[in-house]
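Residue-level listing of the chains:
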Amino acid sequence: MAYDNDNNDNDYNDNNDNNNNDYNDNNDNDYNDNNDNNNNDNNDNDKQFPHLCIPRVHLSVTKELVFEIINKYSFGSIEKIDVIKKKGSCKKNDLSNMVFIYFKEWYNNTMANSVKDRLMSGKDIKIIYDDPWYWKISAIKV
């Protein structure tokens, strides 16, 4: 399973040279997950679920790539993905973007519930997007 929930706080590598698509900040397309073949039961009684933040992604990472990777895990129905260009960094030459992932609903399955519980308790998860490269993901703090 590619989802890693260890407590390792080491810095992570965020290099994706296989993706040559540039993010166009004029692209206002939202990504809707209309997968009717998903056999997961939705929990209508629990409207408390996390939206996700990936604080650092390589500049070449697109909305399409994020949607493809996150959607594989069947956490929920993705409503919208925002890729935000960072204007500066504490490290020189550390150019990266931030990603915010918003869900319409969170699925009721074993992995989704485990991830949801972890995120809602303030911990993060790691999603492998191109082995061995991964994203460190946390819940959006409001």
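The preceding data block contains the structure.
Residues numbered from 1 in each chain as written. Predicted model: local features only at pLDDT ≥ 70, side-chain atom pairs only at ≥ 80, totals over all residues. Heavy atoms only, no water.

## So, unusual backbone geometry
In step 1: For the bond from D131 to P132, the omega torsion is 15°, close enough to zero to count as cis.
In step 2: We note that S74 has phi near 55°; this positive angle belongs to a residue other than glycine.
In step 3: When you line up the elements, S74 lands in the loop between α1 (63–72) and β4 (76–85). (Helix = DSSP H or I, 4+ residues; strand = E, 2+ residues; numbered from the N terminus.)

## A word on the environment of D82
In step 1: Position of D82 relative to the elements: it lies in strand β4.
In step 2: For D82 and V99, which are 17 residues apart along the polypeptide, the C-alpha to C-alpha distance reads 5.6 Å.
In step 3: Not counting chain neighbours up to four residues away, the residues in contact with D82 comprise M98, V99, F100 and Y102. (Contact = heavy atoms within 4.5 Å.)

## Considering helix α2 (residues 110–120)
In step 1: Every buried residue of α2 is listed here: M111, A112, V115, K116, R118 and L119. Looking straight down α2, one finds that the buried residues subtend no more than 165° of arc, so they occupy a single side. Opposite its buried face, α2 presents the exposed residues T110 and D117, each directed more than 90 degrees away.
In step 2: The backbone nitrogen of M111 has a side-chain oxygen 3.2 Å away, supplied by the residue at the start of α2, namely N109.
In step 3: The positive-phi residue at the C-terminal boundary of α2 is G122, with phi of around 90°. (Buried < 20%, exposed > 50% of the residue type's maximum accessible area, 1.4 Å probe, protein only. Arc of directions from axis to C-beta. Polar contact = N/O pair within 3.5 Å; in protein donor to acceptor, adjacent residues only side chain to side chain.)

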